[in-house]
Amino acid sequence: MSDPGVSLQPRVAMLLDEPFPPDARIRREAQALARAGYQVTLLCMHQPGQALDEVFGQGEAAFRVIRLPACKRDTARGLLQMPQTWIDNWAWRVTHQDKRWMRAAEPILAALKPDVLHLHDLRILPTGLALAKALSIKRTIADLHENYPALIASLQKNPVQAALKLKLWQQVEARYLPAASHIITVVEEAQERLVAAGHPAERITVIPNTVDTDMFLKSPPESLNLPESPEFDAPIGPNLVYIGHINAAHRGIQTVIDALPELLANYPDLKLILAGATQAHYREALEQQAQALGVDSAIIYTGKLTELAFRPYIQAATLCLCPHEKNEQTQATFPNKAYLYHLYAKPVLASDCIPLKRYMDQTEGGLTFEAGNPQDLARCVLTLLKNPNAAAQMGRNGEKAVLERFNWGQDAKRLVALYNALLA
């Protein structure tokens, strides 16, 4: 690549304290800005087998990815990336800045001279803002993928730990968000939460986590191959499909399993297909639950899949699921899978978390059930299975809504407009 320091293009540096790929939102945002004429560089974690410096994507959508070997996740400490030395550890507890990131990223950013520093999620925000101050980068964007304090609290093992983590990350959010030039959230409810906390609405832009419809509709077809059931080339009986991370109770899959006995009593050949990577502890809990209910033979796990590999499972689905539990996190975020289900004209059954219910009401693309209520979930599933014409119409309603309104083509324009205004 040419020297970024002499480019006439406006320059964007993104910071992500995760490996890349697979984060699809990062890819969509970086490529949208690249297509709009921005020179985009992503600094992220390195993991074995990945190039340290490469061009990701092709043509006008290409952007640069620089991976930092020094910035690796301390898996022994869970989601929180803690510094390695006791001095760095102390510094993190006082400033919430990761000194490893500071040391690794500062010389790269000094050479890049970005016009905008785009910080992905709350965990990297204090470090990114410190780098911006040290290097006189005047424009910073805090891109909040989640209600991060609530997410971390929901992953704790007991209420005391949950309360402590929630308070810690709420303090980080309150302390550092005001210093960002602008804030991005993925859903209106997240914006409302921040406004209620005192952040001005004009400093917040909602850019939903919609799907890149062209990427899915124009890519070559994938074959359907369930490793645990090789003969399952095309489903014969009814099947319920959930795609995405299967990692914690807030996903609500346990509610679906609790509903299976009633569903199987009506449709003995029904299958629940859980497509995506699983966390061992959550999968073990689900398997024990299914065995206790005698429904384990009705559940199929696919294992980890690429983004495009979800497509054949959706296409083969009778009904697609977003069964999230209600908590502070799920009430202020939105699962990308709902858009993807609708892209393939599938009826969706979602829990009544506020963002999901709003979307389902807007699109008329399926039904909602009371979160955590397996009887209500079973009632809705049976309604859709017994009324296939109505279910098909809901799928078509959702498809129309995604193709016309809820898609990345529309939201990419909003992101570029935000950047243009920020640099004006």
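These notes cover the structure that comes with them. (Residues numbered from 1 in each chain as written. Predicted model: local features only at pLDDT ≥ 70, side-chain atom pairs only at ≥ 80, totals over all residues. Heavy atoms only, no water.)

**What to know about helix α6 (residues 159–176)**
Then comes step 1: Relative to the 26 Å expected for 18 residues at 1.5 Å per residue, α6 spans 26 Å between its end C-alpha atoms, a close match to the ideal helical length.
Then comes step 2: Of all the residues in α6, the buried ones are A162, L166, W169, V172, E173 and Y176. The arc that holds the buried residues of α6, viewed along the axis, is 130°, so those residues lie on one side. Seen from the open side of α6, the exposed residues pointing more than 90 degrees away from its buried face are V160, L164, K167 and A174.
Then comes step 3: Its side-chain oxygen at 3.0 Å from the backbone nitrogen of V160, N158 defines the N-terminal cap of α6. (Helix = DSSP H or I, 4+ residues; strand = E, 2+ residues; numbered from the N terminus. Expected span 1.5 Å × (residues − 1). Buried < 20%, exposed > 50% of the residue type's maximum accessible area, 1.4 Å probe, protein only. Arc of directions from axis to C-beta. Polar contact = N/O pair within 3.5 Å; in protein donor to acceptor, adjacent residues only side chain to side chain.)

**A closer look at the sheet that holds strand β4 (residues 63–68)**
Sheet strands line up and pair through hydrogen bonds in the backbone, either parallel or antiparallel.
Then comes step 1: One open sheet holds the eight strands; their spatial order is β3-β4-β2-β1-β5-β6-β7-β8, and the pairing between them is mixed. At either end of the open sheet lies a strand with only one pairing partner, and these are β3 (53–56) and β8 (204–206). Between one strand and the next, the sheet's axes are offset by a mean angle of 25°, whatever the strand orientation.
Then comes step 2: Of the pairings in the sheet, the one linking strand β2 (residues 39–45) to β4 comprises five bridges and is parallel in character. Within the sheet, the bridge partner assigned to C44 lies in β4 and is R67.
Then comes step 3: Packing against the sheet, helix α1 (residues 24–35) makes contact with β1 (11–19), β2, β3, β4, β5 (116–120), β6 (139–143) and β7 (182–185), and its axis sits at approximately 170° to β1.
Then comes step 4: Strand contacts of helix α3 (residues 99–112): β1, β2, β4 and β5, with the helix running at about 165° to β2, the strand carrying the most contacts. (Pairing = 2+ DSSP bridges. Axes fitted to C-alpha atoms, helices over the stretch in contact; angles between N-to-C directions. Contact = heavy atoms within 4.5 Å.)

**Things to note about the pattern of salt bridges**
Side chains that differ in sign of charge can pair as their charged atoms come close.
Then comes step 1: Under the defined criterion, the tally for this structure stands at 19 salt bridges.
Then comes step 2: Across the pair E173 and R193 runs a salt bridge whose closest N-O atoms are separated by 2.9 Å. With E173 in helix α6 and R193 in helix α7 (residues 188–196), this pair connects stretches of sequence that are 20 residues apart.
Then comes step 3: For E173, a relative accessible area of 7% gives the class buried.
Then comes step 4: As a salt-bridge pair, E287 and R283 come within 2.8 Å of each other at their nearest N and O atoms. Highlighted residues: E287 and R283, both in helix α10 (residues 280–293), separated by four residues, approximately one helical turn. (Salt bridge = Lys/Arg side-chain N within 4 Å of Asp/Glu carboxyl O.)

**So, unusual backbone geometry**
Then comes step 1: With an omega of -10°, the peptide bond between F20 and P21 qualifies as cis.
Then comes step 2: One can find P21 in the loop between β1 and α1.
Then comes step 3: Phi at S136 takes a positive value of approximately 55°, unusual for a residue other than glycine.
Then comes step 4: Tracing the backbone shows S136 in the loop between α4 (125–134) and β6.
Then comes step 5: According to the relative accessible area criterion, S136 is exposed, its value standing at 59%.
Then comes step 6: Here E364, not a glycine, exhibits a phi torsion of approximately 55°, which is positive.
Then comes step 7: Along the polypeptide, E364 turns up in the loop between α13 (354–363) and β14 (366–369).
Then comes step 8: The exposure class assigned to E364 is exposed, which follows from its relative accessible area of 55%.

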